[in-house]
Amino acid sequence: MNHWLNHHAQAFKLVLTRMRQNTLSSLLISLVIGVAMCIPALFYVGVDNLSTLTHHMQNDNEISLFLKLDVSSENIEQIEQLLSKHPNIQKHRLVTKEEAWQQLQAKSDTNPAIQELSKNPLPDAFFIQANKVEPEALDSLRLEMQAIEGVDQAVFNADWTKRLAVLLALGEKIIYFVAALLAIALLVIIGNTVRMQILTQKDEIEVSKLIGATNSFIRMPFLYAGVLYGAFGALFAIVMMASIIMIFNHSVAQLSDLYSSDFRLTIFDSKLFLSMTGIAIFIGWLGSYIAVNRAISAMKID
Amino acid sequence: MIQFDHVTKRYPGSNEALKNVSLNIEAGEFVFVTGHSGAGKSTLLKLIAAIERPTGGTVLIANQNISKLKSNAIPYMRRRFGLIFQDHKLLYDRNCFENVMLPLRINGIFGTEAAKRSRAALDKVGLLHKEKAMPITLSGGEQQRLAIARAVVGRPSILIADEPTGNLDAVYAADIMSIFQAFHQVGVTVIVATHDATGISATQRRVLHINQGELHSNEVIQAADHTQNSGYPI
Ligand SMILES: Nc1ncnc2c1ncn2[C@@H]1O[C@H](COP(=O)(O)OP(=O)(O)OP(=O)(O)O)[C@@H](O)[C@H]1O
Ligand SMILES: [Mg+2]
């Protein structure tokens, strides 16, 4: 155990010395990794924040029931009773066609098209506030309302938030693809960097193998190099992201103040940061693992 | 200790470098391998050190069949040997001390213990005062001795040297032979390849003479033969 730890400690020390000798190139490769991780992560933060935002909006979701034009007043009363008894409906409000007509005319006394309407074209309507927020529950409630005798149309007022949610889900998928492509690019970049290092250490590897070094002994420093590139790259990515989000938040604050909202982009998403670090380290490890294994078998000393 | 039984070695795309070689080297022996250039001396040593595997016959090292060793056991087999390569294979990007440290690192020996042993090995070959020097600044003989220090620092029970006195003058060659002699005296098996009999000392030595891949003699060279082969009194 102690021996094993010692081996790792030595390999780690060796890598740190080598990196110090090549500070610039180590920084550059870490920077490349950082930028490559930053891009999908930023989009992720954007989409994630918008999703929570639309979720908030759906909380005060309304269903509008437009009644048939020829509906009788008894029918309206029946519907009203039904709505007030319904367990999933928090409150409801009736706007009769006369009220709606007055409102419309009051609002649009400058609009000649409406002024010219001689007959009230508007239906009676109920505006319902559901006490459920899940889209599925709301959907079934809407269908139920639609089926009520005398109801012409039951529609969501917040339909656009649903559409946005669908778009965001699509965006999320795109981000995963972009992230996967960038991960492959990173694998290649890290693999190539490690391959170059292996080339400069070719003599040492060859001699080491000849005098009895195991493959894991030879791999170890390069794996640590890959892991460290990944870790430093993730660090870069996190710092860059935090700064970019902070800059964005300045504008977001102005925007959401207009809507009297306290919405801000979250800067420290520890779950995101942890998974970024984990992914970067894994990619670093895998890239160098592939590179060093290929190099060892290319040397054909076995 | 080292047994060859009808060993044949053919490199891909070339003729047989060794043909039907059978031999037996006991622990503690001092053996010379001689032969013309291209005879197969280096090939023989590589087979002993588990660097190459035979294409025919069996090579037994400490009763273990090299061909049947699992690839993850090969490194541990190689650590039994101290190898001095025909082309040194010194690492020119680090100083003498670090060159000698390499086998210890591979063996998992670190810290002050490793430093102590490295200095002791450098001391044995008379290079302690050059520990901070880069190998490229050493003379040919000094580089050869550095290679010996690296070979012996792991305290191997078998020392294998491929042309250790290659381009050296007689004084240097004698110097190096006496280092091997010292190891032989403390019980180390020593196997030295050399392209002619130069440097083989006047005392009785076993010589394996290879001619075009075939083992020709497997006997003890006499002091009389030696004086014919070389004019150097050692
Ligand atoms: N890796 C290799 N691939 C192909 N052929 C090889 C290889 N190594 C050696 N040979 C061939 O095997 C034969 C024996 O080579 P070897 O190196 O054993 O000779 P040697 O006795 O050590 O010669 P020298 O005194 O010049 O070092 C030669 O014909 C050589 O061309
Ligand atoms: Mg040779």
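Residues numbered from 1 in each chain as written. Chains lettered and ligands numbered in written order. Predicted model: local features only at pLDDT ≥ 70, side-chain atom pairs only at ≥ 80, totals over all residues. Heavy atoms only, no water.

(A) Broad picture of the coordination of the magnesium ion (ligand 2). Residue and element names in this part refer to chain B. Donor atoms from the polypeptide that coordinate the magnesium ion (ligand 2) comprise S42 (OG) and Q86 (OE1), at 1.8 to 2.2 Å from the metal. Highlighted residues: S42 in helix α1 (residues 41–48) and Q86 in the loop between β6 (81–84) and α3 (96–106), separated in sequence by 44 residues. Look at S42 and you get buried, because its relative accessible area is 18%. The partly exposed category is assigned to Q86, whose relative accessible area is 45%. (Donors = N, O, S within 2.8 Å, 3.2 Å for Na, K, Ca; no water. Helix = DSSP H or I, 4+ residues; strand = E, 2+ residues; numbered from the N terminus. Buried < 20%, exposed > 50% of the residue type's maximum accessible area, 1.4 Å probe, protein only.)

(B) Expanded view of the pairing of strand β3 (residues 30–35) of chain B. All names here are of chain B. The buried fraction of β3 is high, at 6 of 6 residues. Both faces of β3 are covered, namely the face carrying F30, F32 and T34 and the face carrying V31, V33 and G35. Pairing geometry for β3 and strand β8 (residues 189–194), over 5 bridges, is parallel. Note that in β8 the partner of V33 across the bridge is A193. (Pairing = 2+ DSSP bridges.)

(C) Highlighting the site of ligand 1. All names here are of chain B. In the vicinity of ligand 1, 13 residues are found, and the nearest of them are S37, K41, S42, T43 and Q86. At a separation of 3.2 Å, an oxygen atom of ligand 1 approaches a polar backbone atom of A39. In isolation ligand 1 has 630 Å² of accessible area, and contact with the protein removes 63% of it. (Near = heavy atom within 4 Å. Polar contact = N/O pair within 3.5 Å; in protein donor to acceptor, adjacent residues only side chain to side chain. Areas by Shrake-Rupley, 256 points an atom, 1.4 Å probe, with all protein chains shown as cover.)

(D) Region of the structure containing the nonpolar core. Residues and elements named next belong to chain B. Grouped together as the largest cluster of nonpolar side chains are 79 residues, with contacts concentrated most on F4, L44 and I48. Once you skip the residues sitting within four places of it in the chain, F4 turns out to touch V21, S22, L23, L44, L47, I48, T58 and V59. One finds F30, L90, A151 and F183 within the second-largest nonpolar core, a separate group that totals 36 residues. (Core = buried A, V, L, I, M, F, W, Y, C linked by side-chain atoms within 4.5 Å. Contact = heavy atoms within 4.5 Å.)

(E) Fine view of the confidence of the model for chain A. With 89% of its residues at a pLDDT of 70 or more, chain A shows a mean pLDDT of 83. For chain A, per-element mean pLDDT is lowest for helix α5 (residues 112–115) of chain A, which scores 67, and highest for helix α8 (residues 202–210) of chain A, which scores 91. (pLDDT = per-residue confidence, 0-100.)

(F) Here's a closer look at helix α6 (residues 135–146) of chain A. Residue and element names in this part refer to chain A. Between its first and last C-alpha, α6 extends 16 Å over 12 residues, near the 16 Å set by a 1.5 Å rise per residue. Of all the positions in α6, only L138, L141 and M145 are classed as buried. End-on, the buried residues of α6 take up no more than an arc of 60°, which puts them together on one face. In α6, those exposed residues whose orientation departs by more than 90 degrees from the buried face are E136 and L143. For α6, the elements touching its buried residues are β1 (62–67), α3 (73–85), β2 (89–95), β3 (125–130) and β4 (151–156). (Expected span 1.5 Å × (residues − 1). Arc of directions from axis to C-beta.)

(G) Spotlight on the interface of chain A and chain B. Between chain A and chain B, the residue contacts involve 19 residues of the former and 19 residues of the latter. Both sides together, the interface formed by chain A and chain B hides about 1800 Å², and carbon and sulfur atoms give 64% of it. In this structure, the connection of chain A to chain B is made through 3 salt bridges. In this structure, E206(A) and K89(B) form a salt bridge, with 3.5 Å as the shortest nitrogen-oxygen distance. Linking chain A with chain B are 4 residue pairs in polar contact (both at pLDDT 80 or more), by the criterion used here. Where the side of chain A that touches chain B is concerned, the elements lending two or more residues are α1 (2–21) and α8 of chain A. It is α8(A) that contributes the most residues to the side of chain A that touches chain B, 7 residues altogether. (Buried area = accessible area lost by both parts, 1.4 Å probe. Salt bridge = Lys/Arg side-chain N within 4 Å of Asp/Glu carboxyl O.)

(H) Broad picture of a nonpolar patch on the surface. Residues and elements named next belong to chain A. Taken together, L24, L28, L31, V35, I39 and F43 make up a surface patch of nonpolar side chains, about 560 Å² in accessible area. Checked against the element boundaries, I39 lands in helix α2 (residues 23–59). On the accessibility criterion, I39 (39% relative accessible area) is partly exposed. (Patch = residues over 30% accessible without salt bridge, like charges linked within 9 Å, V, L, I, M, F, W, Y side chains within 5 Å.)

(I) Inspection of the sheet that holds β1(A) at higher detail. Residue and element names in this part refer to chain A. Pairing is antiparallel in the open sheet, where 4 strands are placed in the order β2-β3-β1-β4. With one partner strand each, in any of the chains shown, β2 and β4 form the two edges of the open sheet. Geometrically, the sheet is characterised by an average inter-axis angle of 20° between neighbouring strands, direction not taken into account. The strands touched by α3 are β1, β2, β3 and β4; relative to β2, the strand with the most contacts, the crossing angle is about 160°. Along the sheet face, α6 touches β1, β2, β3 and β4 and points at about 165° away from the line of β4. (Axes fitted to C-alpha atoms, helices over the stretch in contact; angles between N-to-C directions.)

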